[in-house]
Amino acid sequence: MNGAESLVRTLVQGGVNVCFTNPGTSEMHFVAALDRVEGMNCLLCLFEGVVSGAADGYARMTGKPASTLLHLGPGLGNAVANLHNARKANVPMVNIVGEHATYHVEYDAPLTADIEGIARPVSDWVKTSRGARTVAADGAEAIAAASAPPGQIATLILPANSAWDDSEGPAPTPVIPERATVAEDAITGAAEILRSGAPTLLLLTGQALYAHTLDLAGRIAAATGAELMAQGANARLQRGAGRVPVNRIPFVADQALAVLAPYRNIILVGAKEPVAFFAYPGKPSKLEAEGCEFHRLCELAEDAEDALARLADAVGAKPDGAAVQQPGRPDLPTGELNSDSIAAVLGALLPEGAIVADESVTTGRGFYPLTAGAPPHDWLNNMGGSIGLGMPLATGAAVACPDRKVICLEGDGSGMYTLQALWTQARAGLDVTTVVFANRSYRILMGELANVGAENPGRKALDMLNIDRPDLDWVKMANGMGVEASRVTDAQSFCHAFAAGLDVVGPYLIEVVL
Ligand SMILES: Cc1ncc(C[n+]2csc(CCOP(=O)(O)OP(=O)(O)O)c2C)c(N)n1
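Residues numbered from 1 in each chain as written. Predicted model: local features only at pLDDT ≥ 70, side-chain atom pairs only at ≥ 80, totals over all residues. Heavy atoms only, no water.

Here we take up the overall build of the chain. Looking only at helices and strands, one finds 20 helices and 17 strands in the chain. Taking 514 residues into account, the globule formula puts the C-alpha radius of gyration at 24 Å, and the chain, at 24 Å, falls close to it. With respect to the three principal axes, the spread of C-alpha positions in the chain is 65 × 60 × 45 Å. Out of the 514 residues belonging to the chain, those deemed buried represent 55%. (Helix = DSSP H or I, 4+ residues; strand = E, 2+ residues; numbered from the N terminus. Rg over C-alpha atoms; globule rule 2.2 N^0.38 Å. Buried < 20%, exposed > 50% of the residue type's maximum accessible area, 1.4 Å probe, protein only.)

Listed below in structure tokens is the structure:
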């Protein structure tokens, strides 16, 4: 057995049984090994940003790492933006990056690059295999590193000769570390604050936004009068009818300051202290009201479910005490297409168990209220702010959950970065309905221009913010990658197209012209 096969067997035995790939010559032995080893589902992606974004979506929905297969420094480089997003989402991921044979590196062949240097800023763990006899053990170490709570990016660099030389077979499955439980001090401290009667917010993210954990937070809120809120962006938020409702901190810094203003105490449950997305002249970076104090119940890597359960006991929260979202769907709208009418269509038709990959940028800012009473669903955000995640994220979520409908809400500007994901969706028959908000602009940046104080944009500046001339034809682009598609210009036709997309088992795209 060669090193590549020992690595693939180690991955499969270690529970890593999906690989998103874009290979080259140096990865040929890994690719060949895929045919000899049962149990690895391999999906080709036509750009590496799709590879890394899909692995992120897969990990968010399964809690375990997918592997990626990338071609030397440039292939890894193409994957970097969505690796950045994945790292901010704290997902587990095992990257396998091919490298020249160890003896070939010194000749500076065209693809020679500082792979470790490219990997380090977007990885929590980086290792170059030293040879075929240790590559399986390195793979096992990578799985353990990726799986360390709350989830890490592990990048294993695989020189071609460590793939083709003889190995000693697969390495044993590593021990996956458990989440640590929080010390009693954190529980008693939080309970004391909650009993003080001062206006208090529980700010949640990570595990705390999974339905059963959220229920504990809801019980604490009901018992103490505290309120709940989620971070502005979250890896996976479980919401809908019958679940404890939570809103997110708004993106716009002034709005965020306003919603946080009433609280005297903010208890962080996995969440970070909130900061503005950017600095703006004359505005604070930290989103904190005067006199508000932050307290930490648990870190993201710690066991939020255990911490909230203990806190619920400490404050005497009743079982079944949480206030949950009542079911309710808006009426199907007619007339103009805008953020509200789109939200109404989503709220009216969102199927039970849907997974929403949200990169809707400005169009989607108001989608939460009208979708709150839809049947239970999961909502995934871009955590790293690097656009071009939505379609890959949806692709990975669909691979993870083949029995659930995935809905990708996508800005047209963001969508253009990684639309190759549509081809992978078509090839694998993935059940994704993509809605592209074709406002023909980088609308968010129009607002940012004013927010940073750059006034009176002229023709040249506006040309950098509009993506018209020519208008993008999303129907043709989707069709060209094997995905059925339609274009809508009013709310009623969006209702029909969205319903049609949901009926298709497989990918479908709707261009919503705004
Ligand atoms: C990788 C990367 N490049 C550029 C940006 C800057 N940027 C932020 S939002 C945006 C445009 C988003 O346009 P679109 O998806 O159409 O949404 P809209 O603003 O129109 O709602 C750009 C270019 C970014 N965040 N990430």
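The subject of this paragraph is the site of the ligand. Residues in contact with the ligand amount to 16 residues; listed here are only the nearest, Thr362, Gly413, Ser414, Ser441 and Ile444. Ser414 is positioned such that a nitrogen or oxygen atom in its side chain is 2.6 Å from an oxygen atom of the ligand. Ser441 has a polar backbone atom sitting 2.8 Å from an oxygen atom of the ligand. Contact with the protein chains removes 79% of the 580 Å² of surface that the ligand exposes when unbound. Elements represented by at least two residues in the shell around the ligand include exactly helix 15 (412–415) and helix 17 (443–451). (Near = heavy atom within 4 Å. Polar contact = N/O pair within 3.5 Å; in protein donor to acceptor, adjacent residues only side chain to side chain. Areas by Shrake-Rupley, 256 points an atom, 1.4 Å probe, with all protein chains shown as cover.)

Buried within helix 11 (residues 304–314) we find Ala304, Ala307, Leu308, Leu311 and Ala312. An end-on view of helix 11 places all buried positions within 135° of arc, on one side of the element. The residue sitting at the N-terminus of helix 11 and contributing the capping side-chain oxygen is Asp303; that oxygen lies 3.2 Å from the backbone nitrogen of Glu305. Downstream of helix 11 by one or two residues, Gly316 has phi in the positive range, about 70°. (Arc of directions from axis to C-beta.)

This part takes up a nonpolar patch on the surface. On the surface, Ile387, Met416 and Tyr417 cluster together into a nonpolar patch covering about 240 Å² of accessible area. Note on placement: Tyr417 falls in the loop between helix 15 and helix 16 (421–428). Classification of Tyr417 by relative accessible area gives partly exposed; the value is 41%. (Patch = residues over 30% accessible without salt bridge, like charges linked within 9 Å, V, L, I, M, F, W, Y side chains within 5 Å. Salt bridge = Lys/Arg side-chain N within 4 Å of Asp/Glu carboxyl O.)

What follows is about the sheet that holds strand 7 (residues 200–204). With respect to topology, four strands assemble into an open sheet ordered 8-7-10-11, the strand pairing being parallel. Across the chains shown, the open sheet's two edge strands, defined by having one partner strand only, are strand 8 (227–230) and strand 11 (293–298). Neighbour to neighbour, the strand axes of the sheet diverge by 25° on average, direction disregarded. As judged from the five bridges shared by strand 10 (residues 265–269) and strand 11, these two strands associate in the parallel manner. (Pairing = 2+ DSSP bridges. Axes fitted to C-alpha atoms, helices over the stretch in contact; angles between N-to-C directions.)

So, on to the pairing of strand 5 (residues 125–128). Where strand 5 and strand 6 (residues 153–159) come together, four bridges link them in parallel fashion. Paired with Val126 across the bridge in strand 6 is Thr155. For the segment spanning strand 5, helix 6 (residues 135–147) and strand 6, crossover handedness is right-handed. (Right-handed = clockwise from strand over helix to strand, strands pointing away.)

When you line up the elements, Pro351 lands in the loop between helix 12 (339–349) and strand 12 (355–359). Taking the relative accessible area as the measure of exposure, Pro351 reaches 23% and is therefore partly exposed. Separated by 46 residues in sequence, Pro351 and Ala397 place their C-alpha atoms 16 Å apart. Beyond its immediate sequence surroundings of up to four residues, Pro351 is in contact with Pro376, Lys405, Ile407 and Leu502. (Contact = heavy atoms within 4.5 Å.)

A few words on the sheet that holds strand 15 (residues 432–438). The mixed open sheet is built from seven strands, whose spatial order is 9-13-12-14-15-17-16. Two strands bound the open sheet, and with one partner strand each, they are strand 9 (237–239) and strand 16 (484–488). With strand direction ignored, the average angle separating the axes of adjacent strands in the sheet is 20°. Sheet topology places strand 9 next to strand 13 (residues 377–381); three bridges connect them, and they run antiparallel. Bridge assignment links Gln238 to a residue of strand 13, and that residue is Asp378. Set on the sheet, helix 20 (residues 491–503) makes contact with strand 14 (406–411), strand 15, strand 16 and strand 17 (508–513); between it and strand 17 the angle comes to about 165°.

Moving on: helix 16. Among all positions in helix 16, only Ala421, Leu422, Thr424 and Gln425 are buried. An end-on view of helix 16 places all buried positions within 160° of arc, on one side of the element. Packed against the buried residues of helix 16 are strand 2 (41–44), helix 3 (48–62), helix 14 (390–400), strand 15, helix 19 (474–480) and strand 17. Directly beyond the C-terminal end of helix 16, a positive phi value near 60° is found at Gly429.

Counting across every chain of the model gives zero disulfides. Between Cys19, a free cysteine, and Cys42, which holds the nearest cysteine sulfur, the sulfur-to-sulfur gap is 5.5 Å. No disulfide involves Cys495; its nearest neighbouring cysteine sulfur is the one of Cys408, lying 20 Å away. (Disulfide = S-S within 2.5 Å.)

Turning next to the environment of Ala317. Relative to the helices and strands, Ala317 resides in the loop between helix 11 and helix 12. Counting along the chain gives 98 residues from Ala317 to Arg219, while the straight-line C-alpha distance between them is 5.6 Å. Other than its neighbours up to four places away in sequence, Ala317 contacts Arg219, Ile220, Ala223 and Ala312.

Within the largest apolar cluster, 59 residues are counted, with the highest numbers of intra-cluster contacts made by Leu204, Val269 and Phe494. Sort the elements by how many residues they give to this core and helix 8 (residues 184–195) lands first, with six residues. Leaving out residues up to four positions away in the same chain, Val269 has contacts with Leu202, Leu203, Leu204, Thr205, Ala208, Leu297, Cys298, Ala304 and Leu308. With 57 residues, the next largest nonpolar core counts Val51, Ala233, Ala421 and Leu509 among its residues. (Core = buried A, V, L, I, M, F, W, Y, C linked by side-chain atoms within 4.5 Å.)

Right, let's talk about the packing of aromatic side chains for a bit. Scanning the entire structure with this criterion turns up five aromatic pairs. Counting every residue linked through ring pairs, the aromatic cluster contains Phe251, Phe277 and Phe278. Cation over ring: Arg236 sits above Tyr210, and NZ or CZ is 5.2 Å from the ring centre. Across from the ring centre of Trp379, 5.1 Å away, lies the NZ or CZ of Arg239, which sits over that ring. (Phe/Tyr/Trp six-rings, centres within 6.5 Å; stacked < 30°, edge-to-face > 60°. Lys NZ or Arg CZ within 6 Å of the ring centre and 35° of its normal.)

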